[in-house]
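# Per-entry structural report
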Amino acid sequence: MTRDFEGKTEQDAINQAIEALHIEREDFDVEILDNGRRGFFKKANVKIRVHIDAEEVEQKPALPEDDFEAQSPAEFSDYEEDEEEDIEPDEAFEAQVCQFIDGVVEHMGYESKTTVTSRKGRKVNLDIASESSNIIIGRKGKNLDAIQVLANVFAGKLDSERKIIVDSEGYRIRHEEQIIKNAYRTAQQVRKTGRSRLLEPMNPYERRLVHTALNDVTGIETKSEGEGLYKQVRIICKKRY
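Quick caveat: nothing in here was measured; it's all calculated off a predicted structure. (Residues numbered from 1 in each chain as written. Predicted model: local features only at pLDDT ≥ 70, side-chain atom pairs only at ≥ 80, totals over all residues. Heavy atoms only, no water.)

### A few points about the overall build of the chain
Put simply, the test is: Comment: elements are numbered from the N terminus, with helices defined as DSSP H or I runs of at least four residues and strands as E runs of at least two. In this scheme, a residue with accessible area under 20% of its type's maximum is buried, one over 50% is exposed, and one in between is partly exposed, where area comes from a 1.4 Å probe on protein chains only. Any two residues whose heavy atoms approach within 4.5 Å at even a single point are treated as in contact. In short, Shrake-Rupley with a 1.4 Å probe defines the accessible areas, and a residue's cover is counted only from the protein chains shown.
Secondary structure summary: the chain contains 7 helices and 9 strands in total. Per-residue burial for the chain yields a buried fraction of 38% across its 241 residues. Considering only intrachain contacts with a sequence separation of at least 6, the fraction spanning at least 24 residues in the chain is 62%. Accessible area for the chain stands at about 14,500 Å²; split by element, carbon and sulfur atoms hold 46% of it.

Shown next, in the form of C-alpha cells:
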C-alpha cells in the first residue's frame, strides 16, 4: 500500500502522513519523489511516497519472543478502575454531551455527528463521525484528547458520577495496540543489548499501558521519568533473572 504526500519540508510531509493515516513513524518507509529544490530563488514542496505494510499496521500487538511471557494484555482501556456496577443510561445526559461535542467541533470549523457506542461501569463511550476525522483526532490524538477533557468538564457539571471517553474511527484502540506493540519490541531490544531505553513522552494513561504490558516480562522492569503530565517510561534490563 502506498500514499503520496507533500509538505514544505520532508518532515512536514511525514507528519501529514502520520496524521492522515493514524499510524506511527516506524510503520512505514519513505521514498522521496521530489526534494523541492528549484534553484536559488525557487523552492517547491517536498513530495514523498509512503510505503505501508497493511498487515503490519492492522495486526494485534506482537507477543514477546524467546522466553517472554506469552500473555496478551486485556481490557487496558479500563485499567484505572476496579470493576464497577453499571449505572443506568441517561439519554438526556448523553444527548447533551453529544450536542456539546458537536458544538466544539463546529467551532473548530468542521461538521460531526457524535453518538453513544457503549457504556461500562460509569463510563460512557462516544464516537465522533466526521469527514474531517483526521483533523479532529490530530497528531497522536492530541485534538481528540482535548475534546475529551472539555467533554468531561461539561459532563461533570451535569452528573459528576459519569466519565466520558471520546473516540473517532477507532483511533484509541489502534493507538493502544501500537503503544503495547512498541513496548514489547523495545523490551526485546533491551534484553538483547542489556542497555535501558527511554520511550517517547506519554500521558499517564499511555504510561500505565506500558507498565502493565511489561509487568510480568522476565528480566524487564519499567519506571517513569520526568516532570509534568507527559513523562517517559524507561525500560530496564534486570542484572539477574
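### Focus: the environment of Asn134
You can see Asn134 is positioned in helix 4 (residues 133-137). Taking the relative accessible area as the measure of exposure, Asn134 reaches 28% and is therefore partly exposed. Residues Asn134 and Leu144, spaced 10 residues apart in sequence, show a C-alpha to C-alpha distance of 9.8 Å.

### Some words on the pairing of strand 8 (residues 220-225)
Threshold: A pair of strands is considered paired only if DSSP assigns at least 2 bridges between the two.
Relative to strand 9 (residues 232-237), strand 8 is paired through 6 bridges, and the arrangement is antiparallel. Counted as the bridge partner of Ile220 is Cys237 from strand 9. Between strand 8 and strand 9, which pair antiparallel and follow one another directly, the connecting turn spans 6 residues, one of which, Gly226, has a positive phi of 115°.

### Examining the nonpolar core
Quick note on the threshold: Nine residue types can take part in a nonpolar core, namely buried Ala, Val, Leu, Ile, Met, Phe, Trp, Tyr and Cys, and a core is a set of them joined through side-chain atoms within 4.5 Å.
With 18 residues, the main nonpolar core has Val97, Ile101, Leu126, Ile128, Ile147, Ile164 and Val166 as its most contacted residues. Counting residues per element, the ones that place at least two in this core are helix 3 (91-108), strand 5 (123-129), helix 4, helix 5 (142-158) and strand 6 (163-167). In terms of residue count, helix 3 provides more of this core than any other element does, 6 residues in total. Beyond its immediate stretch of four places on either side in the chain, Ile147 contacts Ile101, Val104, Val105, Met108, Ile128, Ile136 and Val166. Formed by 17 residues, the second largest nonpolar core is a distinct cluster that contains Ala183, Leu214, Val233 and Cys237.

### Some details on the pattern of salt bridges
Rule in force here: Salt bridge criterion: a side-chain nitrogen from Lys or Arg within 4 Å of a carboxyl oxygen from Asp or Glu.
Enumeration over the complete set of coordinates arrives at 8 salt bridges. Between Asp159 and Arg162 there is a salt bridge; the shortest N-O distance is 2.7 Å. By relative accessible area, which is 12% here, Arg162 ends up buried. Here Glu225 ties to Arg234 by a salt bridge, and the two come within 2.6 Å at their closest N and O atoms. Among the charged side chains, a salt-bridge network with shared partners connects Lys223, Glu225 and Arg234.

### Describing the packing of helix 3 against helix 5
Counted only if it meets this: Working convention: axes come from line fits to C-alpha atoms, limited for helices to the stretch in contact. Angles between N-to-C directions cover 0 to 180 degrees. Two helices cross in a left-handed way if the nearer one is turned anticlockwise from the farther one by less than a right angle. They cross in a right-handed way if the turn is clockwise.
It is the contact of helix 3 with helix 5, at a shortest axis distance of 10 Å, that shows an interaxial angle of 145°. In the packing of helix 3 onto helix 5, the handedness of the crossing is right-handed. On helix 5, the residues touching Phe93, Gln96, Val97, Phe100, Ile101, Val104, Val105 and Met108 of helix 3 are Ile147, Leu150, Ala151, Phe154, Ala155 and Leu158.

### What about unusual backbone geometry?
Backbone geometry follows two general trends: most residues other than glycine have a negative phi, and most peptide bonds adopt the trans configuration. Positive phi, normally seen in glycine, also occurs at Lys140, with a value near 55°. Structurally, the position occupied by Lys140 is in the loop between helix 4 and helix 5. The class for Lys140 is partly exposed, based on a relative accessible area of 27%. With a phi angle near 55°, Glu169 is a residue other than glycine that sits in the positive phi range.

### Here we look at the sheet that holds strand 1 (residues 2-7)
Spatially, 3 strands are ordered 1-3-2 in an open sheet, and the strand pairing comes out antiparallel. Bordering the open sheet on either side are strand 1 and strand 2 (28-34), each of which pairs with just one other strand. Between one strand and the next, the sheet's axes are offset by a mean angle of 30°, whatever the strand orientation. The sheet contact formed by strand 1 and strand 3 (residues 46-52) spans 6 bridges and is antiparallel. Across the sheet, the residue bridging to Arg3 is Val50, located in strand 3. Across the sheet, helix 1 (residues 10-21) lies against strand 1, strand 2 and strand 3, angled at about 130° from strand 1, the strand it touches most.

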